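Okay, here's what each chain looks like letter by letter:
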Amino acid sequence: MTTITVVAHCLLDPETRLLGLRPIAFSPEPPLIQLLCPEAGHLGLDRWAVTKNQIDIPSYRRYCREIFTHHADLIEQFSKKGREIEVVGVEGSPSCGINSTTLGYTGGKIRHQDHSHVSGMGVFMEEVAEELKKRGIPFRFREAGRGD
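The rules we used
Residues numbered from 1 in each chain as written. Predicted model: local features only at pLDDT ≥ 70, side-chain atom pairs only at ≥ 80, totals over all residues. Heavy atoms only, no water. Phe/Tyr/Trp six-rings, centres within 6.5 Å; stacked < 30°, edge-to-face > 60°. Helix = DSSP H or I, 4+ residues; strand = E, 2+ residues; numbered from the N terminus. Buried < 20%, exposed > 50% of the residue type's maximum accessible area, 1.4 Å probe, protein only. Polar contact = N/O pair within 3.5 Å; in protein donor to acceptor, adjacent residues only side chain to side chain. Contact = heavy atoms within 4.5 Å. Pairing = 2+ DSSP bridges. Axes fitted to C-alpha atoms, helices over the stretch in contact; angles between N-to-C directions. Core = buried A, V, L, I, M, F, W, Y, C linked by side-chain atoms within 4.5 Å.

As a further point, take the packing of aromatic side chains. The final tally for this structure, using the stated rule, is two aromatic pairs. Ring centres of phenylalanine 68 and phenylalanine 124 lie 6.4 Å apart, and the angle between their planes is 85°; on these two criteria the pair is classed as edge-to-face. Here phenylalanine 124 lies in helix α5 (residues 123–134) and phenylalanine 68 lies in helix α4 (residues 58–80), a separation of 56 residues in the sequence. Neither phenylalanine 68 nor phenylalanine 124 differs from the other in exposure class; each is buried.

The topology assignment puts threonine 3 in strand β1 (residues 3–7). Here glutamate 84 takes part through its side chain, which lies 3.2 Å from a polar atom of the side chain of threonine 3. Those residues in contact with threonine 3 that sit more than four places away from it in its chain are Pro31, Glu84, Glu86 and Arg140.

What follows covers the environment of glutamine 34. Assignment of secondary structure puts glutamine 34 in strand β2 (residues 32–34). Classification of glutamine 34 by relative accessible area gives partly exposed; the value is 30%. Once residues lying within four places of it in the same chain are set aside, the contact partners of glutamine 34 are Val7, His9, Leu12, Asp13 and His71.

Moving on: the sheet that holds β2. Read from one edge of the open sheet, four strands run β2-β1-β3-β6, paired in parallel fashion. Looking at the sheet topology across the chains shown, the edges are occupied by β2 and β6 (140–144). If you compare each strand with its neighbour and ignore which way they point, the axes differ by 25° on average. Taken together, the five bridges between β1 and strand β3 (residues 84–90) define a ladder with parallel strand orientation. Considered in β3, the bridge of valine 6 is made with valine 87.

Grouped together as the largest cluster of nonpolar side chains are 31 residues, with contacts concentrated most on Val6, Leu11, Phe68, Ile75, Phe124 and Met125. Per element, the largest residue contribution to this core is six residues, and it comes from α4. Once you skip the residues sitting within four places of it in the chain, leucine 11 turns out to touch Ile24, Phe26, Val88, Gly89, Val90 and Ala144.

These values are about where atoms sit, not about what they do.
Structure follows, in structure tokens:
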């Protein structure tokens, strides 16, 4: 059976990664669907590091749902044709983490802030999972290494 690999944007385009993070070694086989990067689209390429608790707000979740809708339409069509769907996220990402994400940063003036890598899913991948489940699309998740 053919698997459609749905990948976090930065896995194929490291230019959207947070400045200072190394690219992740990732070479998937086609067919692929490259998701948009919600952090780059919402916060820009010159963004600072953020943690899940900072972006887990209604407007960011709404943005994530909006940018995923068209991808979900295509994924739904592939699923109805019998294709398996695998979604690949990014380890430790506040948006695209599957098994791990980040918490910390309390806001305020720019200064050194500690944060933690914790078990859990990033905001964007939570919205992806919710939409696919709502549509009855079977899928599996996988997480690629951070590369930082």
